[in-house]
Amino acid sequence: MSTQPDPARGAAVKAADRAHVFHSWSAQGLIDPLAVAGAEGSYFWDYDGNRYLDFSSQLVNTNIGHQHPKVVAAIQEQAARLCTIAPGFAVDVRSEAARLVAERTPGDLDKIFFTNGGAEAVENAVRMARLHTGRPKVLSAYRSYHGATAAAINLTGDPRRWASDTGSAGVIHFWAPFLYRSPFHAESEEQECERALRHLEDTIAFEGPATIAAILLETVPGTAGIMVPPPGYLPGVRALCDRYGIVLVLDEVMAGFGRTGRWFAADHFGVTPDLLTFAKGVNSGYVPLGGVAISAEIAATFETRPYPGGLTYSGHPLACASAVATIDAMAEEGTVENAARIGEDVLGPGLRELAERHPSVGEVRGLGAFWAVELVRDRATREPLVPYAATGEANAPMAAFTAACKAAGLWPFVNMNRTHAVPPCTVTASEAKEGLAALDEALTVADRYTV
């Protein structure tokens, strides 16, 4: 793939984008999208010859890296054989993708409903839970993101929900554990776990257990800050669900397929949900694909009763072919093990070392290739570097930090007062160290805003 600069081509690409593309989550006249010429492995580059180490994995989804040759070849081969077919047919590549996913999910999650992405997976998981239980309400955490479609955006806890929140979608939010900014005034992980579970059970009691269909949680919250739950919390939630007949839905759209150093983040905690949503890393986004892994009990609900949901492109052959190739390549090449090793040996120690030297770093946390760096004005008070949901001038410190990362050849994943270190799960130790060096340089900019 050519990396030769071609500024004229880049200008033409950008002009066409500005003329016709309507971008998500953006004020259209205030953005300046980078024109990308190509990508490979852990890097992508523009038409001016600038190369960036992708410490964002785009939207934390290119787990196997850019342009993996085995996945590209599988898409090409499938396109030559069968580009598309309706969901109602049995197709070898769809069945194989489902088998490979089911083989890796915990417990008896052996039936797979395919969607086009994570938001649709959440929509369908919630629908299944409501139909299975006959109950209307779903509980989800404030610090969360579950997608931008109708139910998923209401279930989301972060500010992207506000503009679309109807306030009448049967969604109740609660506080999940987060010791660094504990809503429970906890002083240890044990206290945080105990108090968070008590708060959740109180919420269930006051909402009425018989009205609650599901509790939906990101196993390890992603965009909201990569807060690894304390030991005992997820098993405690599982026990509450069992006690009150509530469906446990774990959202592994971002945390799944190697991101935390296990095939699924649930594997760290010994918990099996009733429904598990996935997307992103299942095929690194090469072709849109997501899905719901379904327990035997919930699948049995629809054995003779039709499930009232479907998608034209459910289990699309090109998407499923890319998933089969991705999962096979990850298994053959030790991608999940690599993510665990990089997290333990390089990213974790390296980020903690940066925290010791930079007063703007309040906390470092994560697993595998899934880390967050909390930036603060004041370590003692833990005041965030920018206010919650800051925009414009109020967000200037994070904007300056982001610009410094890009100037150093690092493409960061930045949200609110955090930067996330989330490279492809295939990242090498030398690439990870390169990213840490760039972060070190950019954090000197953030340090200027500390007290």
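Shown above is the structure to which this text applies.
Every chain's residues receive numbers from 1 upward, in the order its sequence appears when written. Where totals are concerned, whole chains, interfaces and linings use all residues; where local detail is concerned, this predicted model gives features only for residues with pLDDT of at least 70, and gives and counts side-chain atom pairs only at 80 or more. Computation of side-chain values: all heavy atoms of the structure, hydrogens and water removed.

Caption draft 1: Inspection of the overall build of the protein chain at higher detail. Summing up its helical and strand segments, the protein chain has 13 helices and 16 strands in all. Only C-alpha atoms enter the radius of gyration; for comparison, a globular chain is expected to reach 2.2 Å times N to the power 0.38, where N is the number of residues. Relative to the globule expectation of 22 Å for 451 residues, the C-alpha radius of gyration of the protein chain, 22 Å, shows essentially globular dimensions. Dimensions of the protein chain along its principal axes, counting C-alpha atoms only, are 60 × 60 × 40 Å. Throughout, exposure labels follow a simple rule: accessible area from a 1.4 Å probe, protein chains only, divided by the maximum for the residue type, with under 20% read as buried, over 50% as exposed, and the rest as partly exposed. Within the span of the protein chain, comprising 451 residues, buried residues form 55% of the whole. Two residues form a contact once any of their heavy atoms are found within 4.5 Å. Across the protein chain, contacts joining residues at least 24 apart in sequence account for 71% of those joining residues at least 6 apart. We get accessible surface area from the Shrake-Rupley algorithm with a probe of 1.4 Å; when it comes to residues, only the shown protein chains can shield them. Counting every atom, the protein chain has about 18800 Å² of accessible surface; 54% of that belongs to carbon and sulfur. Note that His is not counted, nor are the chain ends; the positive residues are Lys and Arg, and the negative ones are Asp and Glu. Taken as the charge location is NZ of Lys, CZ of Arg, CG of Asp or CD of Glu. Positive and negative side-chain charges of the protein chain, numbering 37 and 51 respectively, have mean locations separated by a distance of 3 Å. Strands are runs of DSSP state E lasting at least two residues, helices are runs of H or I lasting at least four, and both sets are numbered from the N terminus onward.

Caption draft 2: View of the sheet that holds strand β14 (residues 410-411). Ordered in space as β1-β2-β3-β14, the 4 strands form an open sheet in which the pairing is mixed. In the strand order of this sheet, the two ends are held by β1 (36-40) and β14, each with one partner. Two strands pair if DSSP finds at least two bridges between them. Sheet analysis places strand β2 (residues 43-46) next to strand β3 (residues 51-54), joined by 3 bridges and oriented antiparallel. From the neighbouring strand, Y43 faces β3, where its bridge partner is L53.

Caption draft 3: Region of the structure containing the pattern of salt bridges. We define a salt bridge as a contact between a side-chain nitrogen of Lys or Arg and a carboxyl oxygen of Asp or Glu at a distance within 4 Å. Following the criterion strictly, the structure yields 21 salt bridges and no others. The shortest N-O distance in the salt bridge between R161 and D165 comes to 2.8 Å. What makes R161 buried here is its relative accessible area of 9%. In this structure, the salt-bridge partner of E201 is R243, at a minimum N-O distance of 2.8 Å. Of this pair, E201 sits in helix α7 (residues 189-207) while R243 is found in helix α8 (residues 233-244), placing the two residues 42 residues apart along the sequence. By relative accessible area, which is 25% here, E201 ends up partly exposed. Relative accessible area serves as the criterion here: at 51%, R243 is assigned to the exposed category.

Caption draft 4: Spotlight on helix α12 (residues 396-407). The length a helix should cover is 1.5 Å for every residue beyond the first. Counted at 1.5 Å a residue, the expected span for α12 with its 12 residues is 16 Å, and the 16 Å between its end C-alpha atoms agrees. For α12, the set of buried residues is P397, M398, F401, T402, A404 and C405. For α12, the angular spread of buried residues about the axis comes to 160°, placing them on one side. Looking at the buried residues of α12, the elements they touch are β12 (370-378), β14, β15 (413-415), β16 (418-421) and α13 (429-447). Just beyond α12, the residue with positive phi is G409, at close to 85°. By arc we mean the arc of the directions from the helix axis to the C-beta atoms, nothing more.

Caption draft 5: Spatial organisation of the packing of α7 against α8. Angles run from 0 to 180 degrees between N-to-C directions of axes, and those axes are lines fitted to C-alpha atoms, restricted for helices to the stretch in contact. For the pair α7 and α8, the least separation of the axes is 10 Å and the interaxial angle reads 25°. In terms of orientation, α7 and α8 fall into the roughly parallel class. Pair α7 / α8 crosses with right-handed handedness. Within the contact between the two elements, α7 uses C193, A196, L197, L200, E201 and I204 and α8 uses Y233, G236, V237, L240, R243 and Y244. Tallied by class, residues from the contact of α7 with α8 come to 9 nonpolar, 1 polar and 2 charged. Any angle that is under 35 degrees is reported as roughly parallel, and any over 145 degrees as roughly antiparallel; angles of 65 to 115 degrees are reported as roughly perpendicular and all others as oblique. Should the near helix be turned anticlockwise from the far one by less than a right angle, the crossing is termed left-handed; should it be turned clockwise, right-handed. Just so you know the grouping, Ala, Val, Leu, Ile, Met, Phe, Trp, Tyr, Cys and Pro go in nonpolar, Asp, Glu, Lys and Arg go in charged, and all remaining residues, Gly too, go in polar.

Caption draft 6: Examining the side chain of T156 more closely. Mapped onto the elements of the fold, T156 is located in the loop between α6 (150-155) and β6 (171-174). Polar contacts involving the side chain of T156 include one to the main-chain amide nitrogen of H146, which spans 2.8 Å. Look past the residues within four positions of T156 in its chain and what remains in contact with it is S144, Y145, H146, G147, R161 and H173. Counted as a polar contact is a pair of N or O atoms within 3.5 Å, where, for protein atoms, one must be capable of donating a hydrogen and the other of accepting one, and residues adjacent in sequence contribute only when both atoms are in side chains.

Caption draft 7: Summary view of the sheet that holds strand β8 (residues 247-251). Read across the open sheet, the 7 strands follow the order β4-β10-β9-β8-β7-β5-β6; overall the sheet is mixed. One side of each edge strand has no neighbouring strand; the edge strands of this open sheet are β4 (111-115) and β6. Across this sheet, the average inter-strand angle for adjacent strands is 20°, counted without regard to direction. Running over the sheet, helix α4 (residues 92-104) touches β4 and β9 (275-278) and is turned about 120° from β4.

Caption draft 8: Molecular detail of α4. Between its first and last C-alpha, α4 extends 19 Å over 13 residues, near the 18 Å set by a 1.5 Å rise per residue. Taken together, the buried residues of α4 touch α3 (69-81), β4, β9 and α10 (317-333).

Caption draft 9: View of the packing of aromatic side chains. Between the rings of Phe, Tyr and Trp (Trp by its six-membered ring), a pair exists once the centres lie within 6.5 Å; its type follows the angle of the planes, with under 30 degrees stacked, over 60 edge-to-face, and the other angles tilted. Overall, the coordinates contain 12 aromatic pairs when judged by the stated rule. When the ring of F114 is compared with that of F278, the centres are 6.5 Å apart and the planes differ by 90°; the resulting orientation is edge-to-face. Note that F114 is positioned in strand β4 and F278 in strand β9, a separation of 164 residues in sequence. The same class applies to F114 as to F278, namely buried. Aromatic pair Y142 and W175: ring centres 4.7 Å apart, planes at 35°, arrangement tilted. Residue Y142 is found in the loop between β5 (137-141) and α6, and its partner W175 is found in the loop between β6 and α7; the two are separated by 33 residues along the sequence.

Caption draft 10: Broad picture of unusual backbone geometry. Despite not being glycine, S57 has its phi angle at roughly 45°, a positive value. Mapped onto the elements, S57 comes out in helix α2 (residues 57-60). With phi around 55°, F257 is a residue other than glycine that occupies positive phi space. Summarising the element assignment, F257 is placed in the loop between β8 and β9.

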